[in-house]
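Listed here are the chains, written in short residue letters.
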Amino acid sequence: MSFLNIMCLLGGLGLFLFGMKYMSEGLNQVAGKKMKEVLEKLTRNRFKGFLLGVLVTAVIQSSSATTVMLMGFLNAGIMDLAQATGVIIGANIGTTVTAILISLQMKSLPYICIFVGMVMALFCKKQTQKYIGQIILGFGILFFGLKYMSGPDAMGVLKESEAFLSFIQKADNPILGLLIGFVMCSVLQSSSASIGVLQALAATSAELMPMNFAIYLIIGINVGSAMPLFLSAIGAKTNAKRAAVIYFIFDFVGMLIFTPIALIFPQYMEWISSLDVNGSVKVAIAHIIFKVVTALVMLPFVNVVVKLSEKIIKNKEHETRLRFEFIDTKIMDNPVATQLQIRSEVERMACLARNNFCMACESFLVMDDSKKRELADNEELINWLNHSISDFMVTVTSRELTGDVSEYIGRLFHVITDLERIGDHAENIMGRIEIAKENDISFTDKGMNEFKEIYELDLELLDRSIGAFLNMKLNDDEEHQLHYIEDTIDYLTLQAQDNHVERLREKKCHTSSGVIFTKALQDLERVGDHSYNIAWAARTDKKLIRQI
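Model, not experiment: these values are computed from the prediction. (Residues numbered from 1 in each chain as written. Predicted model: local features only at pLDDT ≥ 70, side-chain atom pairs only at ≥ 80, totals over all residues. Heavy atoms only, no water.)

1. What about the overall build of the protein chain?
- Counting its regular elements, the protein chain contains 22 helices and zero strands.
- Expressed as a percentage of the 548 residues in the protein chain, the buried residues total 54%.
- Accessible surface, the protein chain as shown: approximately 24800 Å² in total, 59% of it carbon and sulfur. (Helix = DSSP H or I, 4+ residues; strand = E, 2+ residues; numbered from the N terminus. Buried < 20%, exposed > 50% of the residue type's maximum accessible area, 1.4 Å probe, protein only. Areas by Shrake-Rupley, 256 points an atom, 1.4 Å probe, with all protein chains shown as cover.)

2. Structural notes on helix H15 (residues 279–298)
- With 20 residues, H15 should cover 28 Å at 1.5 Å per step; its first-to-last C-alpha distance of 29 Å lies within 8% of that length.
- Counting buried positions along H15 gives 14 out of 20 residues, so the element sits mostly inside the fold. (Expected span 1.5 Å × (residues − 1).)

3. Some words on the packing of aromatic side chains
- With the rule as written, the count across this model stands at eleven aromatic pairs.
- Geometrically, the ring pair formed by Phe443 and Phe517 is tilted, given 5.9 Å between the ring centres and 40° between the ring planes. In this pair, Phe443 sits in the loop between helix H19 (403–438) and helix H20 (445–471) while Phe517 sits in helix H22 (residues 511–536), placing the two residues 74 residues apart along the sequence. We note that Phe443, like Phe517, is buried.
- A connected cluster of aromatic rings, assembled from ring pairs, spans Phe364, Phe443, Phe451 and Phe517. (Phe/Tyr/Trp six-rings, centres within 6.5 Å; stacked < 30°, edge-to-face > 60°.)

4. Thoughts on the confidence of the model for the protein chain
- When pLDDT is averaged along the protein chain, the result is 80; 80% of the residues meet or exceed 70.
- Within the protein chain, H20 carries the highest mean pLDDT (92), whereas helix H8 (residues 162–170) carries the lowest (59). (pLDDT = per-residue confidence, 0-100.)

5. Things to note about the side chain of Glu450
- Its location among the elements puts Glu450 in helix H20.
- A polar contact of 2.7 Å, which involves the side chain of Glu450, links it to the side chain of Asn499.
- Once residues within four sequence positions are removed from consideration, Glu450 is found in contact with Ala496, Asn499, Arg503 and Phe517. (Polar contact = N/O pair within 3.5 Å; in protein donor to acceptor, adjacent residues only side chain to side chain. Contact = heavy atoms within 4.5 Å.)

6. Observations regarding the environment of Asp440
- Its place among the elements puts Asp440 in the loop between H19 and H20.
- Between the alpha carbons of Asp440 and Ser513 there is a distance of 9.5 Å; along the sequence they are 73 residues apart.

7. Remarks on the pattern of salt bridges
- The full count for this structure, using the stated rule, is 15 salt bridges.
- A salt bridge links Asp369 to Lys437; its shortest N-O distance comes to 3.1 Å. Taken as a pair, Asp369 in the loop between helix H17 (335–366) and helix H18 (372–397) and Lys437 in helix H19 lie far apart in primary sequence, 68 residues in all.
- Lys437 sits in the partly exposed class, given a relative accessible area of 44%.
- Notably, a salt bridge pairs Asp377 with Arg373, separated by 3.0 Å at the nearest N-O pair. Taken together, the residues Asp377 and Arg373, both in helix H18 and four residues apart, mark about one turn of the helix.
- You can call Asp377 partly exposed: its relative accessible area is 28%.
- Arg373 gets classed as exposed once you look at its relative accessible area, which sits at 55%. (Salt bridge = Lys/Arg side-chain N within 4 Å of Asp/Glu carboxyl O.)

8. Overview of the packing of helix H4 (residues 81–94) against helix H16 (residues 302–312)
- Between H4 and H16, the shortest axis-to-axis distance is 9 Å and the interhelical angle comes to 110°. The angle between H4 and H16 falls in the class roughly perpendicular. As for how H4 packs across H16, the hand of that crossing is right-handed. Every residue of H16 that contacts H4 at Leu81, Ala82, Thr85 and Ile89 is listed here: Val302, Asn303, Val305, Val306, Ser309 and Glu310. (Axes fitted to C-alpha atoms, helices over the stretch in contact; angles between N-to-C directions. Parallel < 35°, antiparallel > 145°, perpendicular 65-115°, else oblique. Left-handed = near helix turned anticlockwise from the far one by under 90°.)

9. Details of the packing of helix H11 (residues 211–224) against helix H14 (residues 266–275)
- Contact pair H11 / H14: the axes reach a minimum separation of 9 Å and the direction vectors enclose 100°. When the axis of H11 is compared with that of H14, the two are roughly perpendicular. Contact residues: H11 offers Met211, Asn212 and Ile215, while H14 offers Tyr268, Met269, Ile272 and Ser273.
- Residue composition of the contact of H11 with H14, by class: five nonpolar, two polar and no charged. (Nonpolar A, V, L, I, M, F, W, Y, C, P; charged D, E, K, R; others polar.)

Dropping the structure here:
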């Protein structure tokens, strides 16, 4: 095999891998949002999860990509490990669609796909149509690369190589086959691509890929398909690592089932060889049988697999609160999963800001600052989340995103700023308690009642605003109601300040209390403004023009 033949083989392989990745990315962009909606409605029924895994992976053509997506959903908290396990098992079957497509005889279709896909990707105006063009173009490039690999200038040369023919005819060592398959998949980072290479070799000549050796290569490739997930899980969160382990367990169990079958029952290989004269079809059939049988064996033992993964990957004891609970910075390949992770982390930040606001106001009403340490710790975490979520979103937005995901993340920048400011005002209110106690300042019952009334309206506005944004739903009627509450807060704040001035004139309270009380009222009024800003960000039909 000459240097030119090797370059032809590598060039065909490059086209094949690029076409697969390009097609997968286009499918992900088109179907990603629908996948999110389906996955969010997923029940704990393992069989439904299994079917969903088959469907999703059949669409995006990558079981590894599906599992990485699941890692993101696990981090976002929209599914648990048992649910994800059913989907992972189904994903392993869905990935066989690629092998089925490759085994089909399509001579002129790749050229048509390349032309049609190119035209759509370059000249269509709508983004969805461009992504569909990307899918078609990637599909054509994939098959063109496959055809080039199996052509006379690449793998076709091996038919004339006595050394290779001698090796392949004597190659019946199962360990060698498993090892070569494992290394091949680990290098190519895709079981579909590795199986595609075997199919290209088998399609060139039956002598170049006999089933008595191909079966071990297929088993090794499937075990090696877990390597991309282990790489994705490095430094990832606990459940993400467990998902990678579950994927590996699936293929490892498949190896334990099929290696003895191949060794003890040579009739198995003879049966597969008799099904079709096309070597590419034989490889596809062996691959499908491996996946389907393993899935049927594993599906009843989902809970056992989950417990085993939990024993292998134990819970970590974290030394600091200043960390993400939902966002995994190692997993950003799927924009939908990333969006859900960010949403969950922002919801966590909102709960912290709300708790601090309640803690500060309740403490102010009884002039008790005993919880100031707890509030300060929460405020430190709120500030950390503000900066860290912002940095993460900047990294995410540097990647290619769909319009709705990009717009949602853009609105989140405003929301987390408002939440951080609410935390600051809560800290201000708690600080005013300390000043009042140090200077032995007290407030009248009427003043405290005015403070309480505004605080309760603030809390109602904050809760409804956070709910509206998390659901991304704020109709006109709800917006008018929230706007009315905010106007009421502004009115009551001015009225409370006027009443306090009147009490000062009547010498019912000390002048020094007026400064503290007025500033506390201003904090309440500003919390109302920021709360309404959060609700306004839920209106996707309007620009964020009302920001404080």
